[in-house]
Amino acid sequence: MITVNINGKEIKLEKAVTVLEAARSAGIKIPTLCWHEQLEKYGGCRLCLVEVEKMPRLQTACTLMVTDGMAVRTETEAIADVRRGILEFLLINHPLDCPYCDKAGECELQDLVEKYGPTTGRFKEKKRRVTENLQDPVIVRNMERCVMCTRCVRMCEGVQGASAIGVIDRGGHSHIEPFSGNRYNCEYCGNCVSVCPVGAIMSRLHRHSYRPWQVKENIETVCPYCAVGCTVIAQVRDDVIKRVVPRIGSPVNNGMLCSRGRFGYEFVGDPERLTSPMVRKNGVLEETTWEEAIGLVAKKLAEIKDRNGGDAIAGIASPRCTNEDNYVFQKFMRAVIGTNNIDSTARMGYAGAQAFIENIFGQGATGNIISGLSNSDTVLVAGGDPTTINPILGLQIRACSRKGGNVLTIGHVRGLRNFSPVELTPGGGRETALLERIVSELVSRKGLPGSNTILESRIKTVVDAAGAGKADVSEKDYPDFIGKLTASGTPAVVIGKDLLQSAGSGYKLFLLCAINYLINGRLYLLSDHANEQGMLDMGCAPDLLPGYRPVGYAEFRKRYENAWKTKISERPGLNIFEMIEAAGKGDLKAMYVMGENTVFNLPDGANVEASMRKLEFLVVQDLFLTETARLADVVLPALGWGEKDGTFTNMERRIQRVRKTVNRAGMEDWRIIAEISKNMSFGMNYAGSEAVFEEITKISPLHRDLTYDEIAAGNVIYPYKGEPLRGAVGEIPLNKPETASDGKITLGIDRVLFHSGTLSRKSPALVKMYSESVARMDPGTAGALSLKDGDMVRISSKSHSIELRLSVDGEVEPSVVLVPNIFEGKGALSLAGNILDPVLKAPAVCATEVTVESVGKVSS
Amino acid sequence: MDIKDIMFSQAAIKEIEEIRAKYPTARAALLPALYVAQREFGWLSPEAYEAVSEILGVPKAIARGVGTFYAMYKNRPMGRNVVQLCTNVSCMILGAERLVDFLKNKYGLEPGGTTPDNRFSLVIMECIGACGTAPAMLINDDFYENLTEKYIDEILEKYR
Amino acid sequence: MEKVLLKNIENPNSADIAEYMSVGGYQSLGKALGRNPKDIIDEVKKAGLRGRGGAGFPVAMKWTFASGDPKTPKYLLCNADEGEPGTFKDRPILEKNPHMLIEGMAISGYALGAEYGYIYLRGEYPAAKHILEKAIKQAYDKGFLGDNILSKGVKFHLAVHQGAGAYICGEETALIESLEGDKGQPRIKPPFPVNVGVFAKPTVVNNVETLANLPYLIEIGGETYSKIGSPDCPGPKIYCVSGHVEKPGVYELPMGTNLKDIIYTHCGGIKGGKKLKAVIPGGISTPVLPPDKIDCQMDFVNMPKHGSMLGSGAVIVMDESVCLVKVCYRALKFFEHESCGKCTPCREGTGWLRSILGRIEAGQGQEGDVDLLLSVAGNMIGKTFCPLGDGAASVVQNFIKHFRPEFEEHIRAKACMAQG
Ligand SMILES: Cc1cc2nc3c(=O)[nH]c(=O)nc-3n(C[C@H](O)[C@H](O)[C@H](O)COP(=O)(O)O)c2cc1C
Ligand code: SF4
Ligand code: FES
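All residue numbers refer to position in the chain's written sequence, counted from 1. Both sets of labels track the order of writing: A upward for chains, 1 upward for ligands. Per-residue local features are limited, in this predicted model, to residues with pLDDT of at least 70; the limit for side-chain atom pairs, both in listing and counting, is 80 or more; totals at the level of whole chains, interfaces and linings are taken over all residues. Excluding hydrogens and water, the side-chain values take into account all heavy atoms of the structure.

Residue and element names in this part refer to chain C. Where helix α3 (residues 37-47) contacts helix α4 (residues 59-68), the axes come no closer than 8 Å and their chain directions differ by 155°. Relative to α4, the element α3 lies roughly antiparallel. Relative to α4, α3 is oriented so that their crossing is left-handed. Contacts between α3 and α4 pair Ile 41, Val 44 and Lys 45 from the former with Val 59, Ala 60, Trp 63, Thr 64 and Ser 67 from the latter. Convention adopted: a line fitted to C-alpha atoms gives each axis, helices being fitted over their contacting stretch, and angles between N-to-C directions are expressed from 0 to 180 degrees. Numbering of helices and strands starts at the N terminus; helices are DSSP runs of H or I of at least 4 residues and strands are runs of E of at least 2. Oblique is the label for every angle not falling under 35 degrees (roughly parallel), over 145 degrees (roughly antiparallel), or within 65 to 115 degrees (roughly perpendicular). Put simply, a crossing is left-handed when the front helix is turned counterclockwise from the back one by less than a right angle, and right-handed when it is turned clockwise. Contacts: residue pairs with any heavy atoms within 4.5 Å of one another.

Right, dumping it as structure tokens:
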């Protein structure tokens, strides 16, 4: 126990902290500028100088560690003079444009000058002048306001790990700028904006549109983008989200955000948002009343159900909707329509992979805590760039490297480039051989642990049969890679979607599971949708009821039947691909799509569209008139993120509250469905989303007894009070793929940090960061095809072709063309084929063969 | 094509990789690597920073921050020969300022400037450790001490 | 007194290992390796050797801290940044007697258990770089450096790391940052380099001259060494004298030689028989002295008693023709240029002081400017992160303290009286 005396007050401390922290713990405020709780100690601004007994010089409270018996004074007249002196130094070059500055009201410098009083203008020389920099889409820099606390630089380098900005020159000439001196061209996380104490680095989104004290509401909610589930605070004025900021101390992101989370909120007020239901009349969609639209949907669905049976109808759920929305939707399909035809785009990899992994390791095997990654001694990354798919998770891997951990990657991972990765880039079809070799080598180096006999028998098959040790892998970093992997004590394995969407994905996933088993690691399965996990938890799958109870077991069904007071079909439903196929064949008559753009987000969109056009009746419920909504017979506008309450479940299985931030007329997805249900004589009477959730907690073993209050209090990870997760290991299907033929060009999905697709393309700030889809290709491959950087190219597959600008980029693997799936008419998935992996049932998008040809230079 | 291959000779890349091996971290090789880059191109252009960054895996904004901190890295193009004249106190009181004027009047060489024929650039230095033989200067890597106007004339003759 | 540190430097080949060995070089290393490391530290302690980099810190104490830290490997860094204006004492060692430094480093490395050493050499000494690199190679070839020195199983590797023009890199933590490939900005202490230094390992930083003392110290033994010069900080010392003396240059004399003697006896007095106006005794950061205050022993203990400091032992002598406002202005220009920019008072204060001095010097001074200078300097002193900022402010304070009338006259007359 350490006792210190600050301003006459005795403070007892468990362990040594800085004088500043000790003072704060006792409610004593010491002024600071360069100090920031997210950053390392710095001691540059000198505002926190305090008197310490028995020390001749003044000491900086932010750097000095307390010792037992230390006596400190923080507010003497002499110290006030010192602070005035320091503030005078800071003001000699600071413009006094506070009335015009957006920071006024929350400016740390302003507050300090207000406290210690201004000095008379003794500085007679000219102030430094720097013109405002508006080169960037979302960040505005006013560097003449900079006080050189370097918080932004330390954030960018030391926490975000982007190192996009730096202090240039030295001494009085030192100033902060991005490498180019102009545009940042960075990850646009905006975390520099968060930490700037003055108005030097600010967001452009709300520029001159409000003053901080005009914010009426600070509403804490969860980001709508990826499955990390960052806490965000929406600051609202006049029913408009003015700004989104993180909160220090929040569970997953602890004060950090990525570009999407911070700048991607403008879709909420987008003028193109649907406001009124539409019904197709004489071939055209016309606005109509809710009453008519709901009545029509109820009538048509009832009709088709009567005529063709419930199984002629299918529903597609949404990984962007809340748990409550998805729960009500699947209940509607099962209880009202009477079918298990409910699925989602999770079928594009996540659902199959999760089921596969849980079959081996037990339920919840991928539900590991994200922040734990930074404490791993080794992180193995395969199948994509975590720093773009799940940026805040990516930061934890960077932190792992910074703390001295090993980052091992299979394939080139751009976002980890500066974090000393040991990289194996097998390319082409050799990934499988490499993974087999790693498995064999781990077995021979470490032996089999003996805890999972089924898995081990499969591992033995691979080791024996493949002759894997002999696989042709001549990577120079291989010894280093395998050495570090073998020696690791607290490893983690991070698996991205690129691997799940490649040829032989099921077999590769098995090999990664085997590696994970042999090194005793933790698994992380990346997901790019905010509630992909929660949607699956809610039973939006053709074979699983809420809480992952197999629909085929009568005992399980019984419980749900009792709760819903109706029969549930025992026949598993169609998966999303089977639905499209059935629609194309005319077997499926109607579809209800909630919050999903199937035409754009499934492979071979042209085929999806053609199939869906054959439906007798299509309902699309969405925020925008998407490619899919345009095909609908009835379009139902739902309230979206920011406009409704509910819960999301992130990839850790953390259940978090999503809150209404602005008031909009309209109904939540679940409420629309409940209304239709009522029209179909099945009472669904929920007072609000909380009532829906209550029902979930009664029915899903994972959510048992949970309440909104407990969720709001934080740190709710399932199973909460329910049964422990686990499960018997089932048979492990293996399906070793043929090695892919070399020489052909294949498609790859470019996962762009700034986008998610349908929501992000309606967020102007994100569009400004990345406004045009660009295809990327390595110099060798481009050269062989006589293609040059900037060429307009046509990329064609068996199913489709699109035209894009080409960027020649040394970081792309040979023989691959990377295309993002963001903008209408230019989506990578439109080119993809529909060949499903026999094990994961996910499409091998990345095995799509394409041709690339030049169609001339771009004019613009 | 990587920028390092566009910017550097294979020999220079090899040299930097050898320097890298002398230190326990890649970052520690940054200062010497920037010297190599400067020797190769005469100054540290944005491309030079990018190339060094690529070889060492040090982010380019950091490389540039470091390269602009130190006075001996040149962040703009320089003449073929860099005259580095000390004007700190010991040199100043023994007439260094007169020499600055002399260079300006006779050679049109302003502090921080370059002659139109690109033959010389003038950099004003802080103390170069030749105070006992002041005034002094370095031209490129060579020391010249006890300078006078006449002596400077003779010295500059040697540099083309 | 026979020359120790500058021994043999008139020999044009003094930097060659053969020449160095011909005058007894590397014998002390052999002697040292025959004893146990702790003995060597004790010997240095007995000698009372204090660091020559400016602060005069007891060498044995620093070594004891570092050798006592269990972390490995340990590093020994030679501070060859010699950036303090007026200082050119390390350069002759580096250029003429590199092997004495190398031998000294090998001995210290052995004493404190360091296996790796770097010489952090200022960028402005390109010739020294080539000389040192060649000497290091020779030392490796002869087995004085490497994995198995003199076949005694002792390991010590040495390389030169070239700085790039930043005075602040002379400060030991800034030097470490710079060696790690960063900007030379000082680090928060504690932790001290002896525990967490370069690459987060225990590190000793010693000045060139300090390390070059070791072969001799080991040769004659601590006891005998401690009898040279001032009893409180014994040993030979290199004084470097510049400015208006008849014979400027480097003088190796016993520590504690009187400043007046240095100027008038060793350097032949003021150049051209002019009148002395001011002396800066230990490099530009040390307080200036007027002529009536120079009767003092030049060592770490006595100089503070006379209102100044030994610093690097760089004596700058100024005669009556010198404008002290201008000297002060030039000094502040230096500090402004060299401020690393990390802390507010130094970053903003040096520039502000320079600009006030600039306008006084240019004949545009205003009433009250002298007090303003003192006030701004007062707002810096004791508040900066490292001693550089303090030094800058104290230069202004001390020039005004001793020569205030000249500053005021400058403002009143709007011109320089000294230079007419
Ligand atoms: C601003 C500043 C500049 C310094 N410059 C030098 C220098 O050029 N050379 C040097 O040896 N020590 C310099 N020092 C002192 C070093 O920090 C350190 O004390 C010294 O290298 C230790 O060596 P020593 O114990 O052998 O003296 C400087 C200190 C400060 C604060
Ligand atoms: S006093 Fe401050 S700004 Fe000046 S050199 Fe030291 S740390 Fe840098
Ligand atoms: S002052 Fe010029 S070399 Fe020292």
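Around ligand 2, a shell composed of 13 residues is seen, among which Cys 340, Cys 343, Cys 346, Cys 386 and Gly 389 of chain C lie nearest. Partitioned by chemical class, the residues of the shell around ligand 2 number eight nonpolar, four polar and one charged. We call a residue near a molecule or strand whenever a single non-hydrogen atom of that residue lies within 4 Å of it. All amino acids are sorted into three groups, where Ala, Val, Leu, Ile, Met, Phe, Trp, Tyr, Cys and Pro are nonpolar, Asp, Glu, Lys and Arg are charged, and the leftover types, Gly among them, are polar.

For this analysis, a ring pair means two rings from Phe, Tyr or Trp (six-membered ring only for Trp) whose centres lie within 6.5 Å, classed as stacked if their planes differ by under 30 degrees, edge-to-face if by over 60, and tilted for the remaining angles. All chains considered together, the criterion is met by 29 aromatic pairs over all chains. With centroids separated by 6.1 Å and ring planes inclined at 85°, the aromatic side chains of Phe 89 of chain A and Trp 352 of chain C adopt a geometry described as edge-to-face. Residue Phe 89 of chain A is found in helix α2 (residues 77-91), and its partner Trp 352 of chain C is found in helix α14 (residues 344-361); the two belong to separate chains. You'll find Phe 89 of chain A and Trp 352 of chain C in the same group, each marked buried. An angle of 75° between the planes, with centres 5.5 Å apart, marks the rings of Phe 123 of chain A and Trp 352 of chain C as edge-to-face. Throughout this description, buried means an accessible area under 20% of the type-specific maximum (1.4 Å probe, protein chains only), exposed means over 50%, and partly exposed covers the range between.

This part is about the nonpolar core. Within the largest apolar cluster, 206 residues are counted, with the highest numbers of intra-cluster contacts made by Phe 332 and Tyr 592 of chain A. A per-element tally of this core places helix α16 (residues 505-519) of chain A first, with eleven residues. Among buried residues, the Ala, Val, Leu, Ile, Met, Phe, Trp, Tyr and Cys ones that are joined through side-chain atoms within 4.5 Å form a nonpolar core.

Another point: the interface of chain A and chain B. Often, the extent of an interface is quoted as the loss of accessible area on bringing the components together. If you look at the interface, chain A gives 15 residues, while chain B gives 17 residues. Computed with a 1.4 Å rolling probe, the buried area is the accessible surface lost when two parts are put together, summed over both parts. Between chain A and chain B the total buried area reaches about 1200 Å² when both faces are included, carbon and sulfur atoms providing 57% of it. The term salt bridge refers to a pairing of a side-chain nitrogen on Lys or Arg with a carboxyl oxygen on Asp or Glu at a separation within 4 Å. Connecting chain A to chain B are two salt bridges. Salt-bridge contacts for Glu 177 of chain A lead to Arg 64 of chain B; the nearest nitrogen and oxygen are separated by 2.6 Å. By the criterion applied in these results, polar contacts are pairs of N or O atoms within 3.5 Å in which, for protein atoms, one can donate a hydrogen and the other can accept it, and in which residues neighboring in sequence qualify only through two side-chain atoms. Across the chain A-chain B interface, the total number found is four residue pairs in polar contact (both at pLDDT 80 or more). At the level of elements, β7 (165-168) and β8 (175-178) of chain A are the ones that each hand at least two residues to the side of chain A that touches chain B. In terms of residue count, the dominant contributor to the side of chain A that touches chain B is β7 of chain A (four residues). By residue class, the composition of the side of chain A that touches chain B is seven nonpolar, four polar and four charged.

Right, let's get into the domain arrangement of chain B. Partitioning chain B into structural domains gives domain 1 (3-69) and domain 2 (81-157). Throughout the structure description, domain borders are defined by an automatic or database domain assignment. Placing a centre on the C-alpha atoms of domain 1 of chain B and another on those of domain 2 of chain B gives a separation of 29 Å.

Residue and element names in this part refer to chain C. Residues in close proximity to ligand 1 total 17 residues, the closest being Gly 53, Asn 79, Asn 206, Asn 207 and Thr 210. Between an oxygen atom of ligand 1 and a main-chain N or O atom of Gly 53, the distance comes to 2.6 Å. Glu 172 is positioned with one of its backbone polar atoms (N or O) 3.0 Å from an oxygen atom of ligand 1. Only the protein chains shown count as covering a residue, and every accessible area follows the Shrake-Rupley method with a 1.4 Å probe. For ligand 1, whose accessible area on its own is 600 Å², the fraction buried by protein is 89%. The leading source of residues in the shell around ligand 1 is strand β5 (residues 203-207), at three residues.

Residues and elements named next belong to chain A. We place a 1 Å grid over just the protein atoms. Points where a 1.4 Å probe fits but has no way out form a cavity, open points with protein on both sides within 12 Å along at least 5 of 7 lines form a pocket, and any residue with an atom within 4 Å of a point lines it. Grid points are joined across faces, edges and corners, and a volume is the space filled by probe spheres set on the points. Under the definition given, this model contains ten cavities of 30 Å³ or more. What the largest cavity holds in volume is close to 750 Å³. When residues of the lining of the largest cavity are traced back to their parent elements, those giving at least two are α10 (386-389), β25 (617-622) and β29 (745-750). Every residue lining the second largest cavity is counted, 14 residues in all, and those nearest its centre are Cys 156, Cys 186, Cys 189, Gly 190 and Cys 192. Taken together, the residues that form the lining of the second largest cavity break down as eleven nonpolar, two polar and one charged.

Under the counting rule described, the total for this entry stands at 94 salt bridges over all chains. Among the salt bridges present, the one from Glu 272 of chain A reaches Lys 762 of chain A, with a minimum N-O distance of 2.5 Å. Here Glu 272 of chain A is found in the loop between α6 (259-263) and β13 (278-281), whereas its partner Lys 762 of chain A is found in the loop between β29 and α25 (764-769), with 490 residues between them in sequence. For Glu 272 of chain A, a relative accessible area of 51% corresponds to the exposed category. The residue Lys 189 of chain C makes a salt bridge to Glu 172 of chain C at a minimum N-O spacing of 3.7 Å.

Take the domain arrangement of chain A next. Residues and elements named next belong to chain A. Taken as a whole, chain A is organised into domain 1 (2-75), domain 2 (101-112 + 123-266), domain 3 (285-344 + 540-645 + 663-690), domain 4 (350-525) and domain 5 (745-857). A separation of 31 Å is found between the C-alpha centroids of domain 3 and domain 5. Contact residues are listed per partner, giving 16 residues for domain 3 and 22 residues for domain 5. Here domain 3 packs against domain 5, burying approximately 1500 Å² in sum over the two surfaces, 60% of which is carbon and sulfur. Counting the surface domain 3 buries against domain 5, the share from its top three residues, Phe 577, Phe 600 and Pro 603, is 39%. Summed over the shared surface of domain 3 and domain 5, the result is two salt bridges. Measuring nitrogen to oxygen at the nearest pair gives 3.2 Å for the salt bridge that ties Glu 627 to Arg 761.

All names here are of chain C. Counting buried positions along strand β9 (residues 314-319) gives six out of six residues, so the element sits mostly inside the fold. Of the two faces of β9, the one lined by Ala 314, Ile 316 and Met 318 and the one lined by Val 315, Val 317 and Asp 319 are each fully buried. In terms of strand pairing, strand β6 (residues 236-243) meets β9 through four bridges, oriented parallel. Of the residues in β9, the one forming a bridge with Cys 240 is Ala 314. Each pair of strands is called paired provided DSSP finds at least two bridges between the two strands. Sheet topology places strand β8 (residues 276-280) next to β9; four bridges connect them, and they run antiparallel. Bridging across to β9, Ala 278 finds its partner in Met 318.

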